[in-house]
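Here's the letter readout for the chains.
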Amino acid sequence: MNFHIGRYTLGSLFQPILNCLSKVTTCSCSFISHKESAYGPFRVQGTNHLIWDTEKHIFCIEDSTGLLPVPELMEFVNSVLTKNMPLSKSFSLSFSRMRKKEYLFWGLPLIYHHEILGVLALGFSLPLPEKNKITAESLSELLSPALSAISMILYNIYYKQLTLEGPRGKFTQSLLALSKAPSLGEGDEEAFTELILSQAARLMMVERCSVWRYEKLTNQLICVKQFELSRHKFSSGKTRELDKYPGYAQALLHNRTITVSSTYTDSRTSELSKDYLNQHGITSILDAQILYQGNIIGAIFLEHVGTPRLWSADEEDYVATLSELYSLSHGVFVQKQTEVALQMAQKKYKGIFDANPLPLFVHDRKDFKFLTVNKAAEKIYGYSYEEFLNLSVFDLHPVEEHQKLKKIIRSYEAKKKELEVLELFVGEWTHLKKDRSSVAVEIYIHDLEYEGRTARLALVIDITEHKEHLKEREVIAERLQSLANLAAHNMRPPLARILGLTSIFDPQQLENQINRSIVKRLKEAANELDKMIRKMAKDLEKGVYKTR
């Protein structure tokens, strides 16, 4: 069953959703309305084969062999409506004895003006690749602009009962066309602004239609774009100082819309008459605030020239909806600009990443497969970038280190949860190059997100030369230790004998001056050597000659 509005099908509204999700994976899309109707408590439209069986009052999935009931979907849809939040549920469906399918359904509540319109049901065939993992946050971020546009259209269809027939028909057609404009989904704010203004001017036969940006700090309005119907011309750049028009500013900033049939007699616009309205022959205006994330960011102005006109309620609703569409386009534009800025930042940091002289590795935290490496890693290890992407962390370690590495990783995960640490020194390891030669390394790790996946950055420092230097120091220290040991123990006995012999002689009793001098100097030298040997013995006890 598909809901038709004139030549439009409601299912076609969901194409922007599918376009957004095509960046991630393939899926089916349906809108489940819970508004009571002749069809029952639910009504399904969309692009997949989800059906509400009006006779059995149950959800079914249509297959080439017939309808397959899915009773769990009723509870699932009701949960989404009751909790008013995105939910997911997987289903195992048996189409025949030989054919079973696993589905993942995401249900997103569609809300407009605090009214729950229904549930957007997204169906995915399982299993999904790990890189296409879907969360409530990622869905909301990806689909937010499209969901806003769809909710607005559905609100007009279900709650305001807009149709393509009668006086309201032209407004419905316009809104449907604008909601599917390529410039809206592409984030081309300027093109979409021109489309809104030119379409509104022609549809309502209004001479001047414009969008103005509100600058809160300076209390100014700045013209983003203005369309003049008679001249078929766009312009921009004008400013309006709101401090000069306090009454008009009060009305604009505190009312969703300003509807003025005669600018000559209305107190809200009388301040504008001399400087602006009279100069352009403007007799009636219809203004609507543009809100973004709850704040006023500007307004849409429709300015009629000629005989004063009475604005209808349909026209007022239409312009208010245009302001919401503009807000939506602004949101998409901001999102696109953020993505561009993020891409530029990623390019910048990719340059820093590649320029680092130390090997850097980013690997998946679940399967330990490498996601990216820098130039230094390629050069030092001998693998090409493509070869690295087919390796895991364990391929760089000898087999005897694997169990120890797994234990360290488990320990790190526990510490991360307990102490909320994101980075850690994980010790000294042996790494194997492509030619199977080994290097001693120190590894530092830091958890991060990489292209939507939970990942880990590893900084590797080659300490092979450092360890060889330490070995050389150990050899030198051993030699010093042997020498000190020799001096402290083997030289002590002969020195003791020398000291004993010199003590026999009293230099004062020797008649020869030269002999007295020799004995005196011999005693002094022996005592000095004794002090040195004693000091070396103490140093040995303290471990002074051991390598540090």
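Residues numbered from 1 in each chain as written. Predicted model: local features only at pLDDT ≥ 70, side-chain atom pairs only at ≥ 80, totals over all residues. Heavy atoms only, no water.

### Here's the deal with the overall build of the chain
Now for step 1: Helix and strand counts for the chain stand at 15 helices and 22 strands.
Now for step 2: Going through the 548 residues of the chain one by one, you find that 43% of them count as buried.
Now for step 3: The long-range share in the chain, meaning contacts at least 24 apart out of those at least 6 apart in sequence, stands at 51%.
Now for step 4: Total accessible area on the chain is roughly 30400 Å²; 54% of this is exposed by carbon and sulfur atoms. (Helix = DSSP H or I, 4+ residues; strand = E, 2+ residues; numbered from the N terminus. Buried < 20%, exposed > 50% of the residue type's maximum accessible area, 1.4 Å probe, protein only. Contact = heavy atoms within 4.5 Å. Areas by Shrake-Rupley, 256 points an atom, 1.4 Å probe, with all protein chains shown as cover.)

### Examining the environment of Ile352
Now for step 1: Of note, Ile352 is situated in helix α9 (residues 313–355).
Now for step 2: Using a relative accessible area of 49% as the deciding quantity, one classes Ile352 as partly exposed.
Now for step 3: Taking C-alpha positions, Ile352 is 9.5 Å from Asn374, a pair spaced 22 residues apart along the chain.

### Re the pattern of salt bridges
Now for step 1: Throughout the structure, instances matching the rule amount to 14 salt bridges.
Now for step 2: The partner of Lys225 in a salt bridge is Glu194, and the shortest N-O contact between them spans 3.4 Å. Here the residue Lys225 occupies a position in strand β12 (residues 220–228), and Glu194 occupies one in helix α6 (residues 189–204), the gap between them amounting to 31 residues.
Now for step 3: According to the relative accessible area criterion, Glu194 is partly exposed, its value standing at 24%.
Now for step 4: We note a salt bridge from Lys434 to Glu387, for which the minimum N-O separation is 3.0 Å. Pair noted here: Lys434 is in the loop between β20 (423–432) and β21 (438–450) and Glu387 is in helix α11 (residues 385–388), with a separation of 47 residues, a long-range link.
Now for step 5: Residue classification places Lys434 among the partly exposed positions, given a relative accessible area of 39%. (Salt bridge = Lys/Arg side-chain N within 4 Å of Asp/Glu carboxyl O.)

### Some remarks on the packing of helix α4 (residues 169–179) against α6
Now for step 1: Contact geometry for α4 and α6: axes closest at 11 Å, N-to-C directions at 170°. Looking at the two axes, α4 sits roughly antiparallel to α6. Side by side, α4 and α6 meet where Lys170, Phe171, Ser174 and Leu178 of the first sit next to Phe192, Leu195, Ile196, Gln199, Leu203 and Met204 of the second. (Axes fitted to C-alpha atoms, helices over the stretch in contact; angles between N-to-C directions. Parallel < 35°, antiparallel > 145°, perpendicular 65-115°, else oblique.)

### Observations regarding α4
Now for step 1: With 8 of 11 residues buried, α4 is to be regarded as a mostly interior element.
Now for step 2: Within α4 the residues assigned to the buried category are Gly169, Phe171, Thr172, Ser174, Leu175, Leu176, Leu178 and Ser179.

### Concerning helix α8 (residues 273–280)
Now for step 1: Buried residues of α8: Ser273, Tyr276 and Leu277, and no others. End-on, the buried residues of α8 take up no more than an arc of 120°, which puts them together on one face. For α8, the exposed residues set more than 90 degrees away from the buried face come down to Lys274 and Gln279.
Now for step 2: On its buried face, α8 sits against β11 (208–215), β12, β14 (239–241), β16 (282–292) and β17 (295–305).
Now for step 3: Once α8 ends, the next one or two residues include Gly281, with phi positive near 70°. (Arc of directions from axis to C-beta.)

### Quick word on the nonpolar core
Now for step 1: Ranked by internal contacts, the top residues of the largest apolar core, which has 28 residues, are Met204, Ile300, Leu302, Tyr318, Val319, Leu322 and Leu325.
Now for step 2: Of all elements in the fold, only α4, α6, β11, β16, β17 and α9 reach the threshold of two or more residues within this core.
Now for step 3: Contacts of Tyr318, omitting those with residues within four sequence positions, involve Phe171, Ser174, Leu175, Leu178, Gln199, Ala200, Leu203 and Met204.
Now for step 4: Residues Phe361, Phe394, Leu396 and Val426 belong to the second largest nonpolar core, which totals 23 residues. (Core = buried A, V, L, I, M, F, W, Y, C linked by side-chain atoms within 4.5 Å.)

### Quick look at the pairing of strand β19 (residues 370–373)
Now for step 1: By the bridge criterion, 3 bridges tie strand β18 (residues 360–364) to β19 in an arrangement that is antiparallel. By the bridge assignment for β19, His363 is matched with Phe370.
Now for step 2: Where β18 folds back on β19, the antiparallel hairpin that results is connected by 5 residues, among which Phe368 adopts a positive phi of roughly 65°. (Pairing = 2+ DSSP bridges.)

### Section: the side chain of Ser198
Now for step 1: Within the secondary structure, Ser198 sits in helix α6.
Now for step 2: On the basis of relative accessible area, Ser198 is assigned to the buried category, the value being 10%.
Now for step 3: A distance of 3.2 Å separates the side chain of Ser198 from the backbone oxygen of Leu195, its partner in a polar contact.
Now for step 4: Excluding anything up to four places from it in sequence, Ser198 contacts Phe227 and Phe234. (Polar contact = N/O pair within 3.5 Å; in protein donor to acceptor, adjacent residues only side chain to side chain.)

### Observations regarding the pairing of β17
Now for step 1: Two elements, β11 and β17, share 6 bridges in a ladder whose sense is antiparallel. Across the sheet, Cys209 pairs through a bridge with Leu302, a residue of β17.
Now for step 2: Note that β16 and β17 share 10 bridges and pair antiparallel. When the sheet's bridge partners are listed, Leu286 is paired in β17 with Leu302.

### A few points about a negative patch on the surface
Now for step 1: On the surface, Asp462, Glu465, Glu468 and Glu472 cluster together to form a negatively charged patch.
Now for step 2: Tracing the backbone shows Glu465 in helix α13 (residues 464–490).
Now for step 3: A relative accessible area of 66% places Glu465 in the exposed class. (Patch = residues over 30% accessible without salt bridge, like charges linked within 9 Å, V, L, I, M, F, W, Y side chains within 5 Å. Lys, Arg positive; Asp, Glu negative; His and termini not counted. Charge placed at Lys NZ, Arg CZ, Asp CG, Glu CD.)

### Description of the packing of aromatic side chains
Now for step 1: By the definition in use, this model includes 10 aromatic pairs.
Now for step 2: Taken together, a centroid distance of 5.4 Å and an interplanar angle of 80° make the contact between Phe368 and Phe394 edge-to-face. Here Phe368 is found in the loop between β18 and β19, whereas its partner Phe394 is found in the loop between α11 and α12 (402–419), with 26 residues between them in sequence. For the residue pair Phe368 and Phe394, the accessibility class agrees, reading buried in each case.
Now for step 3: Positioned over the ring face of Tyr276 is Arg240, at 4.5 Å from the centre of the ring. (Phe/Tyr/Trp six-rings, centres within 6.5 Å; stacked < 30°, edge-to-face > 60°. Lys NZ or Arg CZ within 6 Å of the ring centre and 35° of its normal.)

### Considerations on the side chain of Asp266
Now for step 1: When you line up the elements, Asp266 lands in the loop between β15 (257–260) and α8.
Now for step 2: Overall, the relative accessible area of 16% leaves Asp266 in the buried class.
Now for step 3: Among the polar contacts made by the side chain of Asp266, one reaches the main-chain amide nitrogen of Arg268 at a distance of 2.9 Å.

### Some words on unusual backbone geometry
Now for step 1: We note that Asn84 has phi near 55°; this positive angle belongs to a residue other than glycine.
Now for step 2: Looking at where Asn84 falls in the secondary structure, it is placed in the loop between α2 (72–83) and β8 (87–94).
Now for step 3: Although it is not a glycine, Phe368 adopts a positive phi angle of roughly 65°.

### Things to note about the environment of Lys336
Now for step 1: Looking at where Lys336 falls in the secondary structure, it is placed in helix α9.
Now for step 2: Expressed as a C-alpha distance, the spacing of Lys336 and Asp188, which sit 148 residues apart in the sequence, is 9.0 Å.

### Focus on the confidence of the model for the chain
Now for step 1: Predicted confidence across the chain gives a mean pLDDT of 78, with 72% of residues reaching 70 or more.
Now for step 2: Taken together, the stretch residues 1–9 has pLDDT below 50 and engages in 27 contacts with residues farther than four places along the chain or on a different chain.
Now for step 3: Every residue in residues 37–42 is under pLDDT 50, and counting partners more than four places away or in other chains gives 21 contacts. (pLDDT = per-residue confidence, 0-100.)

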